[in-house]
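Listed below, chain by chain, are the residues.
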Amino acid sequence: MKAKNLIVSFSVLMIAWLLLNWTLDPLIVAIGIGLSLLISVLFCSKCTVFEGIKLGPKAFAYTFVYILVFIRELIKANMDVTKRVLTPGLNIEPGIVKIKTNLKSKMARLILANSITLTPGTFTIHVEGEYFYIHWISTEAVDIEEATQKIANTFENILKELYE
Amino acid sequence: MDIFKLIGAIMLLGGSLSLLVAAIGMLKMPDVYNRVQVATKASTFGAIFSFLGLAIIKFEHWFTGENWLGRVIILIIFIYITNPVSSHVLMRAAYFMRFPLSKLTKTDVLRDDTNSNLLKEPKNE
Amino acid sequence: MNNLDWIIYLAIGIILIAMSLNLIRFFKGPSVVDKVVAFDVISLSGLVLIGTVAVLTNRVIYIDVAIVYGLLSFIGVIVVAKYLQKGL
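Residues numbered from 1 in each chain as written. Chains lettered and ligands numbered in written order. Predicted model: local features only at pLDDT ≥ 70, side-chain atom pairs only at ≥ 80, totals over all residues. Heavy atoms only, no water.

K.L.:
In this structure, what is going on with the sheet that holds strand β2 (residues 122–128) of chain A? I would like to understand it.
P.N.:
The strands making up a sheet associate through hydrogen bonds between their backbones, and the pairing can be parallel or antiparallel. Across the sheet, three strands lie side by side as β1-β3-β2 (chain A); this open sheet has antiparallel pairing. Only two strands of the sheet have a single neighbouring strand rather than two, namely β1 (95–100) and β2 of chain A. The average angle at which neighbouring strand axes cross in this sheet is 30 degrees, direction not considered. The sheet contacts of helix α4 (residues 106–117) of chain A involve β1, β2 and β3 (131–136) of chain A, and relative to β2(A) the element is tilted by about 150 degrees. Together, β1, β2 and β3 of chain A form the strand contacts of helix α3 (residues 69–96) of chain B, whose direction differs from that of β2(A) by roughly 70 degrees. (Pairing = 2+ DSSP bridges. Helix = DSSP H or I, 4+ residues; strand = E, 2+ residues; numbered from the N terminus. Axes fitted to C-alpha atoms, helices over the stretch in contact; angles between N-to-C directions. Contact = heavy atoms within 4.5 Å.)

Okay, structure coming up:
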């Protein structure tokens, strides 16, 4: 899927250009289109970063769902961290557990690992194939399926709609 | 317009308090892994929230004049992508240098898997 | 803006306290990774400080400085981690 790669990288570069310039002046927009096209043809005609991304109105809607869920989890994570840090004494029981993901594309796995890192109490240490090794500050489950259920399922279900 | 400045200033205050929580957590937690975890969560949230507050303080420049909002959005996306990645790389380096886990640790599946050769330690290319 | 400036100055004070607490960990830290993480949090707090100064002095160009500083600190942390894994 060469064309899809080009389209996605072109639009990412174009959005960054427009955000940095913050104007719709035709000259600026024309320069931006030229530069983005040049960079995406030169550097991203063979890259595999955007492989398996879905385009369309449904994926667009799920992007906003992802952002909202992510903000909610981020705020929950900070409540959790603040509570753990400010209560006297150490009320932690850390452990390293293993979870399994079904996502195939690289970008989806990167976003899933980043989201796991920023959600309450969990932190991705190592990725090996389809297994993630998670450092969990309050180990609630050791079993693979139970841990997957508790840690990754919220984001995995959303990311399935965004990536193949 | 003054209400936006009030909201933005309060958000900035909340973000800086979150950075303070990250610093206290760095001093309090018992081993490297818990420190990295607390510091990453609290500092990422603090930075993102503070920059949102700064953008709201400059509300009158959103549509005219100098471009505050676009740069702040670029900065927020940048922090969201890079900060977890750098902490993750550091934590993996710490783990494979075999820094000791704290005594409170309950399970360590990764050590079991490494010992039973289910996975090799990452080779450096 | 003048009557709300004190909240921003209070935030600057809190960030400075956080940076000095991190500095304790930076000097004390038993291992290298502790020091690098403390440095990472300090540079992120410095990023927020640069943004705050940009708002106080009303100059948008300082936000660009913050973007470039964030990029450089990210690359620095990655390079140190790669070096610790004997990959450099």
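K.L.:
Where do I start with helix α3 (residues 61–84) of chain C in this structure?
P.N.:
Side chains three or four residues apart in an α-helix point the same way, a direct result of the helix having 3.6 residues per turn. The first and last C-alpha atoms of α3(C) sit 35 Å apart over 24 residues, in line with the 34 Å expected at 1.5 Å per residue. Taken together, the buried positions of α3(C) are occupied by C:I63, C:A66, C:I67, C:G70, C:S73, C:V77, C:A81 and C:L84. Elements that come into contact with the buried residues of α3(C) comprise α3 of chain B together with α2 (32–57) of chain C. With its phi angle positive at about 60 degrees, C:K86 sits one or two positions after the end of α3(C). (Expected span 1.5 Å × (residues − 1). Buried < 20%, exposed > 50% of the residue type's maximum accessible area, 1.4 Å probe, protein only.)

K.L.:
Looking at this structure, I do not really get the packing of aromatic side chains. What am I missing?
P.N.:
How two aromatic rings sit relative to each other is given by the distance of their centres and the angle of their planes. On inspection of all chains with the given rule, the structure shows 11 aromatic pairs over all chains. When the ring of C:F26 is compared with that of C:F27, the centres are 5.7 Å apart and the planes differ by 70 degrees; the resulting orientation is edge-to-face. Aromatic rings pair up to connect A:Y66, A:F70, A:F155 and B:Y80 into one cluster. Positioned over the ring face of A:Y131 is A:K98, at 4.6 Å from the centre of the ring. (Phe/Tyr/Trp six-rings, centres within 6.5 Å; stacked < 30°, edge-to-face > 60°. Lys NZ or Arg CZ within 6 Å of the ring centre and 35° of its normal.)

K.L.:
Mind showing me how you'd approach the interface of chain B and chain C here?
P.N.:
For an interface, size is often stated in terms of accessible area lost upon the parts coming together. Contacts between chain B and chain C engage 50 residues on the former and 49 residues on the latter. Both faces considered, chain B and chain C share a buried interface measuring about 4,500 Å² in area, 77% of it formed by carbon and sulfur atoms. In this structure, the connection of chain B to chain C is made through two salt bridges. Between C:D64 and B:R71 there is a salt bridge, with its nearest N and O atoms 2.6 Å apart. Listing elements by their share of the side of chain B that touches chain C, those giving two or more residues are α1 (2–28), α2 (32–57) and α3 of chain B. Broken down by element, the residue count for the side of chain B that touches chain C peaks at 16 residues, all from α3(B). (Buried area = accessible area lost by both parts, 1.4 Å probe. Salt bridge = Lys/Arg side-chain N within 4 Å of Asp/Glu carboxyl O.)

K.L.:
Honestly, unusual backbone geometry in this entry has me stumped. Any pointers?
P.N.:
Negative phi characterises most residues that are not glycine, and trans characterises most peptide bonds. Despite not being glycine, B:R98 shows a phi value in the positive range, around 60 degrees. Position of B:R98 relative to the elements: it lies in the loop between α3 and α4 (109–115). In this structure, C:N58 is a non-glycine residue whose phi angle is positive, near 65 degrees.

K.L.:
Just checking my understanding: could you explain the interface of chain A and chain B for this structure?
P.N.:
The interface of chain A with chain B comprises 47 residues on the first partner and 46 residues on the second. Between chain A and chain B the total buried area reaches about 4,000 Å² when both faces are included, carbon and sulfur atoms providing 71% of it. The largest per-residue losses of area from chain A upon contact with chain B belong to A:W22, A:I96 and A:F123, which jointly make up 16% of the total buried on that side. Seen at the junction of chain A and chain B, the total is zero salt bridges. Linking chain A to chain B there are 15 residue pairs in polar contact (both at pLDDT 80 or more). Counting only elements with at least two residues in the side of chain A that touches chain B, the list comes to α1 (2–21), α3 (57–86), β1, α4, β2 and β3 of chain A. Of the residues that constitute the side of chain A that touches chain B, the class distribution is 27 nonpolar, 16 polar and four charged. (Polar contact = N/O pair within 3.5 Å; in protein donor to acceptor, adjacent residues only side chain to side chain. Nonpolar A, V, L, I, M, F, W, Y, C, P; charged D, E, K, R; others polar.)

K.L.:
Would you mind showing me how to read the nonpolar core here?
P.N.:
Ranked by size, the top nonpolar core spans 36 residues in total, and within it B:F51, B:L75, B:I79 and C:V48 carry the most contacts. Not counting residues up to four positions away in its chain, the partners in contact with B:I79 are B:T44, B:A47, B:I48, B:F51, B:P84 and C:L47. Among the nonpolar cores identified, the runner-up in size contains 33 residues, and A:F70, A:L103, A:A147 and B:F45 belong to it. (Core = buried A, V, L, I, M, F, W, Y, C linked by side-chain atoms within 4.5 Å.)

K.L.:
Any chance you could explain the packing of helix α1 (residues 5–28) of chain C against α2(C) here in plain terms?
P.N.:
The description of two packed helices rests on the angle between their axes and on the distance between the axes. All names here are of chain C. Between α1 and α2, the least distance of the axes is 9 Å, while the angle of their chain directions is 165 degrees. Considering their axes alone, α1 and α2 lie roughly antiparallel with respect to each other. Of the two possible hands of crossing, α1 and α2 adopt the one that is left-handed. Of α2, the residues touching α1 (which contributes D5, I8, Y9, I12, I15, L16, M19, N22, L23, R25, F26 and F27) are K35, A38, F39, V41, I42, S45, G46, V48, L49, T52 and L56. Across the contact of α1 with α2, the residue classes break down as 16 nonpolar, four polar and three charged. (Parallel < 35°, antiparallel > 145°, perpendicular 65-115°, else oblique. Left-handed = near helix turned anticlockwise from the far one by under 90°.)

K.L.:
I tried to follow the domain arrangement of chain A on my own but got confused; where do I start?
P.N.:
As assigned here, chain A comprises domain 1 (2–43) and domain 2 (57–162). Each of domain 1 of chain A and domain 2 of chain A has a C-alpha centre, and the two are 32 Å apart. (Domains from an automatic or database assignment.)

K.L.:
For this particular structure, what's the right way to read the confidence of the model for chain A?
P.N.:
Should the pLDDT be low somewhere, the predicted coordinates at that spot are not to be read in detail. When pLDDT is averaged across chain A, the result is 87; 99% of the residues are at 70 or more. Across chain A, the element-wise mean pLDDT spans from 85 in helix α5 (residues 144–151) of chain A up to 93 in helix α2 (residues 26–43) of chain A. (pLDDT = per-residue confidence, 0-100.)

K.L.:
In this structure, what is going on with the pattern of salt bridges? I would like to understand it.
P.N.:
Two side chains that carry opposite charge are able to pair once their charged atoms sit near each other. All names here are of chain A. Enumeration according to the criterion identifies eight salt bridges over all chains in this entry. Note that R72 is salt-bridged to E73, the shortest N-O span being 3.1 Å. Look at E73 and you get buried, because its relative accessible area is 8%. In this structure, K76 engages E73 in a salt bridge whose closest nitrogen and oxygen atoms are separated by 3.4 Å. Pair noted here: K76 and E73 are both in helix α3, with a separation of three residues, about one helical turn.

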